[in-house]
Amino acid sequence: MITVNAMGDACPIPVIKTKKALQELSGSGEIEVLVDNETAVRNVTKMAESSGASVTQEKLGEGQYRVLLKVGGGSEAGAETTGGDSCGCDGWSGVYGDTIVVVSSDRMGEGNDELGHVLMKSFIFAVTQLDELPKKMVFYNGGAKLTVEDSPALEDLKSLAEQGVEIMTCGTCLDYYGLKDKLAVGTVTNMYSIVETMQKAGRIIRP
């Protein structure tokens, strides 16, 4: 049995750790995932079931949960499924062209700004864990704040750049926010290049 200790880990780390364990498991076997909240239980369960594993859940105590994954009986956990991914993004197999990520803000969603910053940092970290990385990431407007010095997402973006992901930041946006001299990863681009990149993309991911 493989034990995945994801206690105290923020989303999406429990799912990422579990996915890696599924990929490491050779043949049939069991994976025990320990988490500290019900949201993580649901997220791990959904991913595991979409990968072909059978799942049981158990509450061990206050803030302590155990998710048990059983792989076997001809299931191919960790392999790609033919019916779309766990996010319901069906039909992507027929899309041709590069995948790009377009980020227009330094926070994700609307409501609480502090939460939005946390979600954006988690989003960019999740991109680093994708099996197939995007070809390019484009940052404009408030998103330009993520590619400069002291950005909370800077290390993850540098990691992506080192793996061949092209990081592009709008020059006009850097100028507007007074960050022209603080770009810390990738290159400065212009609106024509941004439009051209988006027009040629096979798929665009927006947080």
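Residues numbered from 1 in each chain as written. Predicted model: local features only at pLDDT ≥ 70, side-chain atom pairs only at ≥ 80, totals over all residues. Heavy atoms only, no water.

### Some remarks on the overall build of the chain
Logical step 1: Scanning the chain from terminus to terminus reveals six helices and nine strands.
Logical step 2: Within the chain, the fraction of its 207 residues that count as buried is 37%.
Logical step 3: Working note: accessible area of the chain is about 11700 Å², and carbon and sulfur atoms make up 47% of it. (Helix = DSSP H or I, 4+ residues; strand = E, 2+ residues; numbered from the N terminus. Buried < 20%, exposed > 50% of the residue type's maximum accessible area, 1.4 Å probe, protein only. Areas by Shrake-Rupley, 256 points an atom, 1.4 Å probe, with all protein chains shown as cover.)

### Focus: a nonpolar patch on the surface
Logical step 1: A cluster of nonpolar side chains, contributed by L115, V118 and L119, occupies part of the molecular surface with about 250 Å² of accessible area.
Logical step 2: Its place among the elements puts V118 in helix 3 (residues 113-128). (Patch = residues over 30% accessible without salt bridge, like charges linked within 9 Å, V, L, I, M, F, W, Y side chains within 5 Å. Salt bridge = Lys/Arg side-chain N within 4 Å of Asp/Glu carboxyl O.)

### Overview of the nonpolar core
Logical step 1: Formed by 19 residues in total, the largest nonpolar core has its most connected members in L22, I31, V33, V35, V67 and L69.
Logical step 2: Elements represented by at least two residues in this core include exactly helix 1 (13-24), strand 2 (29-35), helix 2 (38-50) and strand 4 (64-71).
Logical step 3: Among the elements that take part in this core, helix 2 stands out by supplying five residues, more than any other.
Logical step 4: Excluding residues that lie within four positions of it along the chain, I31 makes contacts with I2, V4, A21, L22, L25, V67, L68 and L69.
Logical step 5: Among the nonpolar cores identified, the runner-up in size contains 16 residues, and M120, I124, L146 and V165 belong to it. (Core = buried A, V, L, I, M, F, W, Y, C linked by side-chain atoms within 4.5 Å. Contact = heavy atoms within 4.5 Å.)

### Points about the packing of helix 3 against helix 4 (residues 154-162)
When two helices pack together, their arrangement is captured by the angle between the axes and the distance separating the axes.
Logical step 1: Packing of helix 3 against helix 4 leaves a shortest axis separation of 9 Å and a crossing angle of 25°. Between helix 3 and helix 4, the angle is such that the two are roughly parallel. Seen along the crossing, helix 3 lies across helix 4 with a hand that is left-handed. Contacts between helix 3 and helix 4 involve K121, I124, F125, V127 and T128 from the first element and D156, L157 and L160 from the second.
Logical step 2: Taken together, the residues that form the contact of helix 3 with helix 4 break down as five nonpolar, one polar and two charged. (Axes fitted to C-alpha atoms, helices over the stretch in contact; angles between N-to-C directions. Parallel < 35°, antiparallel > 145°, perpendicular 65-115°, else oblique. Left-handed = near helix turned anticlockwise from the far one by under 90°. Nonpolar A, V, L, I, M, F, W, Y, C, P; charged D, E, K, R; others polar.)

### Remarks on the confidence of the model for the chain
As a general rule, the predicted coordinates of low-pLDDT regions are not to be interpreted in detail.
Logical step 1: Averaged over every residue, the pLDDT of the chain is 87; residues scoring 70 or more account for 88%.
Logical step 2: Note that residues 78-96 has pLDDT below 50 and, in this model, 11 contacts with residues that lie over four places away or in other chains. (pLDDT = per-residue confidence, 0-100.)

### Description of the pairing of strand 5 (residues 99-103)
For a regular strand, the rule is simple: side chains alternate between the two faces of the sheet.
Logical step 1: Counting buried positions over the five residues of strand 5 gives five, a clear majority of the element.
Logical step 2: Residues T99, V101 and V103 of strand 5 are buried on one face, and the alternating residues I100 and V102, pointing to the opposite face, are buried as well.
Logical step 3: Sheet analysis places strand 5 next to strand 9 (residues 203-205), joined by three bridges and oriented parallel. Note on strand 9: the bridge partner recorded for I100 is I204.
Logical step 4: The β-α-β motif built from strand 5, the intervening helix 3 and the parallel element strand 6 (residues 136-139) has right-handed crossover chirality. (Pairing = 2+ DSSP bridges. Right-handed = clockwise from strand over helix to strand, strands pointing away.)

### Overview of the sheet that holds strand 3 (residues 54-61)
Logical step 1: Strands sit in the order 1-2-4-3 across an open sheet of four strands; the sheet is mixed. Every other strand in the sheet has two partners, leaving strand 1 (2-5) and strand 3 as the edge strands with one partner each. Each strand axis lies, on average, 20° off the axis of its neighbour in the sheet, ignoring direction.
Logical step 2: Bridge analysis of strand 2 against strand 4 gives seven bridges, and the strand direction is antiparallel. Bridge pairing in strand 4 links L34 to R66.
Logical step 3: Along the sheet face, helix 1 touches strand 1, strand 2 and strand 4 and points at about 165° away from the line of strand 1.
Logical step 4: Packed on one face of the sheet, helix 2 meets strand 2, strand 3 and strand 4 and runs near 5° to strand 4.

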